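Below are the chains, spelled out letter by letter.
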Amino acid sequence: MESLWAPWRMVHVESAWTSSCIFCEIPSTQQDEKNFVLYRGKSVFILMNLYPYNPGHIMIAPYRHLDDLKKLSAEEQLDLIQEAARSTSLLRQTMNPDGFNLGMNQGKAAGAGVEDHLHLHIVPRWNGDTNFMPIVAATKVIPEALTATYLKLASAFHETQT
């Protein structure tokens with residue numbers, strides 16, 4: 001068996017055992033750059049995924065701690081979808097992807113890492129963004145540092161605040 005040394009992941013592993021919710025904690029800290037928060041709206045906020053599938057992988061979450069899409073108010077539902085549309089547009093302008101994956105994992109069985117606080121993932125995709133590494137080494141290569149991506153996106157989100 002091969003081992004991939006990734007000590008930076010320990011923070012994520014250890015946080016999985018805490019009872020706190022990152023989607024409740026992060027907006028209360030007012031440390032947007034440290035936490036890679038791109039936008040704070042009326043009922044939702046946008047942040048980068050610390051363990052992205054691709055550069056530009058972001059998440060949109062309501063401030064309220066809810067576990068199901070149907071529990072969102074009409075205003076929260078509207079904000080969520082409007083920010084998803086704005087985010088894909090900004091990601092397209094900033095990073096020039098060929099497409100996107102948008103999705104929510106509701107419940108542990110569906111793969112939710114944080115199963116009791118709803119959040120929408122937006123993952124930019126490029127033609128050819130899957131190479132031999134995931135196939136032969138079961139390893140995904142992320143070609144850009146998180147802070148570099150954050151600086152690009154934060155600027156775009158700031159310029160277009162609603």
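For the structure itself, consult the block above.
Here goes a summary of the coordinates provided.

Conventions we followed
All chains use their own residue numbering, which begins from 1 and follows the written sequence. With pLDDT at 70 or above as the cut-off, local features in this predicted model cover only qualifying residues; side-chain atom pairs require 80 or more to be listed or tallied, and sums for whole chains, interfaces and linings still use all residues. Note: side-chain values were computed over all heavy atoms of the structure, leaving out hydrogens and water. Criterion for a disulfide: a pair of cysteine sulfur atoms at a distance within 2.5 Å. Categorising residues by exposure relies on relative accessible area from a 1.4 Å probe, with only protein chains included: less than 20% of the type maximum marks a residue as buried, more than 50% marks it as exposed, and the intermediate range marks it as partly exposed. Helix and strand definitions follow DSSP, with helices as H or I runs of at least four residues and strands as E runs of at least two, each counted in order from the N terminus. Contact criterion: two residues are considered in contact whenever any of their non-hydrogen atoms come within 4.5 Å of each other. Expected helix span is computed as 1.5 Å times (number of residues minus one). Here, the arc refers to the directions that run from the helix axis to the C-beta atoms. At least two bridges found by DSSP between two strands are what make those strands a pair.

Right, let's get into the state of the cysteines. Enumeration according to the criterion identifies zero disulfides in this entry. Residue C21 stays outside any disulfide, its sulfur separated by 3.8 Å from that of C24, the closest cysteine. Given a relative accessible area of 30%, C24 falls into the partly exposed group.

A word on the side chain of S87. Topologically, S87 is positioned in helix α4 (residues 74-95). When sequence neighbours within four positions are dropped, the list of residues in contact with S87 reads I46, I58, I60, I122 and F157.

Now for α4. The terminal C-alpha atoms of α4, which comprises 22 residues, lie 31 Å apart, in line with the 32 Å expected from a rise of 1.5 Å per residue. By the burial criterion, the buried members of α4 are E76, D79, L80, E83, A84, R86, S87, T88, L90, L91 and M95. Those residues of α4 hidden inside the fold are in contact with β1 (37-40), β2 (44-48), β3 (58-62), β4 (99-103), β5 (120-125) and α6 (146-159). Following α4 by one or two positions, N96 has its phi on the positive side, about 55°.

Moving on to the side chain of D79. By secondary structure assignment, the location of D79 is in helix α4. Among all residues touching D79, those that are not within four sequence positions of it are K42, S43 and V44.

What follows concerns α6. Given 3.6 residues to a turn, an α-helix orients residues that are three or four positions apart in the same direction. Its 14 residues give α6 an end-to-end C-alpha distance of 20 Å, which sits within 8% of 20 Å, the value for a rise of 1.5 Å per residue. All of the buried residues along α6 are T149, Y150, L153, A154, A156 and F157. Down the axis of α6, the buried side of the element spans an arc of 165°, and every buried residue falls inside it. Structural note: α6 exposes L151, H158 and E159 on the side pointing more than 90 degrees away from its buried face. Against α3 (32-35), β1, β2, β3 and α4 lie the buried residues of α6.

We now examine the pairing of β5. When you tally the buried positions in β5, you get five out of six residues, the bulk of the element. Relative to β5, β3 runs antiparallel, the two sharing three bridges. In the strand pairing of β5, M59 is matched with H121. Bridging between β4 and β5 involves five bridges; their strand directions are antiparallel. Among the inter-strand pairings, G103 is bridged to a residue of β5, identified as H121.

The element β2 is largely enclosed, with a buried count of five among its five residues. Burial along β2 is two-sided: the face carrying V44, I46 and M48 and the face carrying F45 and L47 are both buried. Where β1 and β2 come together, three bridges link them in antiparallel fashion. Opposite V37, over in β2, you have L47 as the bridge partner. In this antiparallel pair of consecutive strands, β1 and β2, the connection spans three residues.

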